[in-house]
Amino acid sequence: MPDCAVARFEMAEYWHINPIRTESIRKYLELRPEAEVVLLGEIAEKDFVNAGKGSSEVKNALKRLGVDPDTLRRIAVAAYEAEINVAAHSRGGRMTSMIFDDMIHIVYEDRGPGIADIEQAMTPGFSTADDLVREMGFGAGLGLPNIQKNADGLHIHSEAGSPTIVEIITYFI
Amino acid sequence: MQEIEKKYYHAIQIVSENCTGCTACVRVCPTEAIRVRERKASIDNSRCIDCGMCVEVCQFHAIIPRSDPLDMIRKYKYKVAIISASYAGQFTEDISYPASKKALIELGFDEVAEEAMVTGFMITMIREYIRQNRHIRPVLSSNCPAVVRLIQVKFPSLLPNILHQEAPMSVLTRFLRDKIQREENLKDDEIGIFLIVPCVAHVTAVHQPEGVYRHLQDGAFSIGMIYGKVREVIRKVQESGDLPETYDQGLTIALSGVEAEMVECDDINALSVNGIENVMNILSKVEDHYLDQYDYVVLRSCTNGCVGGCLNVENPFVAMSRIKKMSKNAPTKEVVIDELDTLYRRGEFAVVPLEPRSIMELDKDIKSAIQKMKKINEFLIMLPGLNCGACGSPTCYALAEDIVLGKATVDDCVSLLKRYVRDE
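Residues numbered from 1 in each chain as written. Chains lettered and ligands numbered in written order. Predicted model: local features only at pLDDT ≥ 70, side-chain atom pairs only at ≥ 80, totals over all residues.

Explain the overall build of chain A to me, and be specific about the residues and the numbers.
Looking only at helices and strands, one finds seven helices and six strands in chain A. Reading the helices (α) and strands (β) of chain A from amino to carboxyl end gives α-β-α-β-α-α-β-β-α-α-α-β-β. Across the 173 residues of chain A, 36% fall into the buried class. Put simply, 66% of the contacts in chain A that link residues at least 6 apart link residues at least 24 apart. (Helix = DSSP H or I, 4+ residues; strand = E, 2+ residues; numbered from the N terminus. Buried ≥ 20, exposed ≤ 12 C-beta atoms within 10 Å, placed from the backbone. Contact = placed C-beta atoms within 7 Å.)

Below is the structure:
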């Protein structure tokens, strides 16, 4: 295989962290404490009827914990966008929400096909959505940028042809 | 807990003698406020939003709506009735709206005003509010008191989106209080202003209004009760002739779909939603910023809007059809818009920022709350997941929550109990 093709299939990683959270997130990832509450949700490919149920469950849990309304909305937006992304762009996957007393860490793992160019995917307006997805009113190319805007930490791990992992971390206070 | 219970007035009352413990009400309650324990239903007052779903579903007259007795108007020197727009849809075609309006004078009122009088003004005010608050997307309508309370209880993050101006009948009340004091030379406490309302949420709103700066109405009568009394005097009224003028064009404020159509214009994109389940779905989408393309959302707890309220006598679809026909060919009649506008500019219709009434929280302290949630999830695994409601809690999750909060025990689960009995 020619060199350029190999380069395109190399593992890619993207991190975005709100500067004031750098220290807390670094510490958290180092210690990886066990979450107090874990919520699991399956996301089926192109199932726009049910996509959103997982983030809705997260929202309800956070309301029960008394998370501040503005923070709750930021988490809801990010979680919903990421869930729709899995339904719209992958072969389906699952979301795992780990809830702590000061933050939430949500991990989305899909079954491929991976993101070829993450930097491009982060550009507002860029979209690879197919016609079905656009017909459903999604695929405007604002998903990932919107997640980034609403989360304290965003981590994307992907390579073309492989599953993608998207992680969102947001603190309650 | 007792103090919180007392804090909230409700227009819904349980008649224990009639309750069979069937759990129908438990399952329809949108805020999971009702439990059946020892075969009797009880309502958690801090959760109840007075939507009236339980009143509608109860087959045993065990949950009854409360409203005021008509006698109370006698305490006042000058008695005013404000009729909700849905009143006009209640009477069969042989009874004209002007006649049903005049009948109220016969029942003892000195003046009868219509919610419909201020519809034109409301639309202008709502549009202006939306344009002045472009940073809020979407603005949520405030005229359904059950929806306002639903947002306080379950969607506190959306409180800033609520239109922070009085609802039509309260706008009219403010206007009438000023006018009557002036014209009739009366003191404020000599004037009694009463609403004739289609739902229990409005009764509660009269007795415990949200976000008001000062005293508004003095009582609320159910359309159903008034309807009965009007039927008794209507023949006499019809024979007497000389009927009052009415504001038929504005009656459509009772219909959620039409309100949205009226507010909608070139720069305002409006959406209409009715029925409490639909309202909750839409609010959840608003929370996710999924409906930011709308500038205004009309939200009504009852089917078709206020014509669906549980204190009406007529079916909501029949009432809607009548009102649409009445308003269609009615002439435009604008009342006192200048005076209303003056009051509006003075800030008379503004409301205090609405406070959340977060009933969802498991504990004030997040550390304790998360421990409780952990325990809830442990119990949830044990429970059958049928959501049958036979335990008296609406879902298995709610039972698990009740167990952890000390309001129930695992033994309340009928399904588990059956399994234990079989195993022994």
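Outline the overall build of chain B, supporting the account with residue identities and numerical values.
Helices and strands together make up the secondary structure of chain B, namely 16 helices and eleven strands. At 23 Å, chain B has a C-alpha radius of gyration in line with the 22 Å of a compact globule built from 424 residues. Principal-axis analysis of the C-alpha atoms places the extent of chain B at approximately 80 × 50 × 40 Å. Out of the 424 residues belonging to chain B, those deemed buried represent 47%. For chain B, contacts bridging at least 24 residues in sequence account for 75% of all contacts bridging at least 6. (Rg over C-alpha atoms; globule rule 2.2 N^0.38 Å.)

Outline the interface of chain B and chain A, listing residues and values.
Note on interface size: it is often stated as the accessible area lost on association of the parts. Facing the 18 residues of chain B at the interface are 18 residues of chain A. If you list the elements that add at least two residues to the side of chain B that touches chain A, you get helix 11 (276-287) and helix 14 (366-382) of chain B. Ranked by residues supplied to the side of chain B that touches chain A, first place goes to helix 14 of chain B with seven residues. A per-class count over the side of chain B that touches chain A returns seven nonpolar, five polar and six charged. (Nonpolar A, V, L, I, M, F, W, Y, C, P; charged D, E, K, R; others polar.)

An account of the nonpolar core is requested, with residue identities and associated values reported.
Counting 109 residues, the largest nonpolar core has B:Cys25, B:Cys54, B:Ala81, B:Ile82, B:Ile196, B:Val200 and B:Leu299 as the members making the most contacts within it. What B:Ile82 contacts, discounting residues up to four positions off in sequence, is B:Ala113, B:Glu115, B:Met169, B:Leu172, B:Thr173, B:Ile193, B:Leu195 and B:Ile196. Of all hydrophobic cores here, the second largest spans 50 residues; its members include A:Leu72, A:Ile106, A:Tyr108 and B:Ile403. (Core = buried A, V, L, I, M, F, W, Y, C linked by C-beta atoms within 7 Å.)

Go over unusual backbone geometry, please, and point to the residues and values.
Residue and element names in this part refer to chain B. In the segment running from Arg-137 into Pro-138, the intervening peptide bond is cis, with an omega of -15°. As for its placement among the helices and strands, Pro-138 is situated in the loop between helix 5 (119-132) and strand 7 (139-140). Phi at His-61 takes a positive value of approximately 50°, unusual for a residue other than glycine. With respect to the helices, strands and loops of the structure, His-61 is situated in the loop between helix 3 (53-57) and strand 4 (63-65). For His-61, a count of 11 C-beta atoms within 10 Å puts it in the exposed group.

Talk me through the sheet that holds strand 5 (residues 78-83) of chain B; I want residue IDs and the actual numbers.
All names here are of chain B. Taken in spatial order, the four strands line up as 6-5-8-9 in an open sheet, and their pairing is parallel. The open sheet is flanked by strand 6 (111-114) and strand 9 (219-222), the only strands paired with a single partner. Between one strand axis and the next, the sheet turns through 25° on average, direction left out of account. The pairing of strand 5 with strand 8 (residues 191-197) spans six bridges and is parallel. Of the residues in strand 8, the one forming a bridge with Tyr-78 is Ile-191. Contacting strand 8 and strand 9, helix 9 (residues 223-240) runs over the sheet at an angle of about 65° to strand 9. (Pairing = 2+ DSSP bridges. Axes fitted to C-alpha atoms, helices over the stretch in contact; angles between N-to-C directions.)

Summarise the sheet that holds strand 11 (residues 296-300) of chain B; cite the residues concerned and give the values.
All names here are of chain B. In space, the three strands of this open sheet follow the order 7-11-10, with parallel pairing throughout. The sheet terminates laterally at strand 7 and strand 10 (270-274), the two strands that pair on one side only. Note: strand 7 against strand 11, two bridges, orientation parallel. Note on strand 11: the bridge partner recorded for Leu-140 is Val-297.

Lay out the confidence of the model for chain B in plain terms, naming residues and giving numbers.
Interpretation of this model should avoid reading the predicted coordinates in detail wherever pLDDT is low. Residues and elements named next belong to chain B. Predicted confidence across chain B gives a mean pLDDT of 92, with 98% of residues reaching 70 or more. Confidence over residues 1-5 falls short of pLDDT 50; this stretch has three contacts with residues more than four positions distant or in other chains. Reported for the predicted complex are a pTM of 0.89 and an ipTM of 0.80. (pLDDT = per-residue confidence, 0-100.)

Requested: an account of the packing of helix 14 of chain B against helix 15 (residues 396-404) of chain B, with residues and values cited.
Residue and element names in this part refer to chain B. Look at helix 14 against helix 15: their axes get within 8 Å of each other, and the N-to-C directions meet at 125°. When the axes of helix 14 and helix 15 are compared, the pair comes out oblique. For the crossing formed where helix 14 meets helix 15, the hand is right-handed. Of helix 15, the residues touching helix 14 (which contributes Lys-372, Lys-375, Ile-376, Phe-379 and Leu-380) are Cys-396, Tyr-397, Ala-400, Glu-401, Ile-403 and Val-404. When its residues are assigned to classes, the contact of helix 14 with helix 15 shows eight nonpolar, no polar and three charged. (Parallel < 35°, antiparallel > 145°, perpendicular 65-115°, else oblique. Left-handed = near helix turned anticlockwise from the far one by under 90°.)

Help me get a handle on the pairing of strand 3 (residues 40-43) of chain B, residues and values and all.
Residues and elements named next belong to chain B. Bridge count for strand 2 (residues 34-37) against strand 3 is four bridges, and the pairing is antiparallel. Note on strand 3: the bridge partner recorded for Arg-37 is Lys-40. Here strand 2 folds back onto strand 3, and the loop between the two strands holds two residues, one of which, Glu-38, carries a positive phi near 50°.

Let's hear about the packing of helix 4 (residues 97-106) of chain B against helix 9 of chain B: which residues, and what values?
All names here are of chain B. One way to put it is that helix 4 packs onto helix 9 with a least axis distance of 9 Å and a crossing angle of 105°. Considering their axes alone, helix 4 and helix 9 lie roughly perpendicular with respect to each other. Across the interface between the two elements, Ala-99, Ser-100, Lys-102, Ala-103 and Glu-106 from helix 4 touch Val-230, Val-233, Ile-234, Lys-236, Val-237 and Gln-238 from helix 9. In terms of residue class, the contact of helix 4 with helix 9 is made up of six nonpolar, two polar and three charged.

Could you give an account of helix 4 (residues 69-89) of chain A, naming the residues involved and the relevant values?
Under the 1.5 Å per step criterion, the end-to-end length of helix 4 of chain A is 30 Å for 21 residues, consistent within 8% with the ideal 30 Å. Counting buried residues in helix 4 of chain A gives 17 out of 21 residues, a clear majority hidden from the surface. (Expected span 1.5 Å × (residues − 1).)

Go over the confidence of the model for chain A, please, and point to the residues and values.
Residue and element names in this part refer to chain A. Confidence in the prediction of chain A, expressed as mean pLDDT, is 84, and 87% of residues score 70 or more. Per-element confidence in chain A is highest for strand 3 (residues 93-99), whose mean pLDDT is 96, and lowest for helix 1 (residues 3-8), whose mean pLDDT is 36. Every residue in residues 1-10 scores below 50 in pLDDT, and together they form seven contacts with partners more than four places removed in sequence or on other chains.

How would you explain the environment of B:Val307 if you had to name every residue and give the values?
Residues and elements named next belong to chain B. In this structure, Val-307 sits in the loop between strand 11 and helix 12 (316-328). For Val-307, a count of 32 C-beta atoms within 10 Å translates into the label buried. In sequence terms Val-307 and Lys-407 are 100 residues apart; their C-alpha atoms lie 37 Å from each other. Sequence-distant contacts of Val-307, defined by excluding residues within four places in its chain, comprise Ser-86, Gly-89, Ala-254, Leu-255, Asn-312, Pro-316, Ala-319, Met-320 and Ile-323.

Tell me about helix 5 of chain B, and please be specific about residues and values.
All names here are of chain B. In this model helix 5 runs 20 Å from its N-terminal to its C-terminal C-alpha over 14 residues, within 8% of the 20 Å that 1.5 Å per residue would give. Three or more residues of helix 5 are buried, namely Thr-119, Gly-120, Phe-121, Met-122, Met-125, Ile-126 and Ile-130. The elements touched by buried residues of helix 5 are strand 7, helix 7 (168-183), helix 10 (256-263), strand 11 and helix 13 (337-345).

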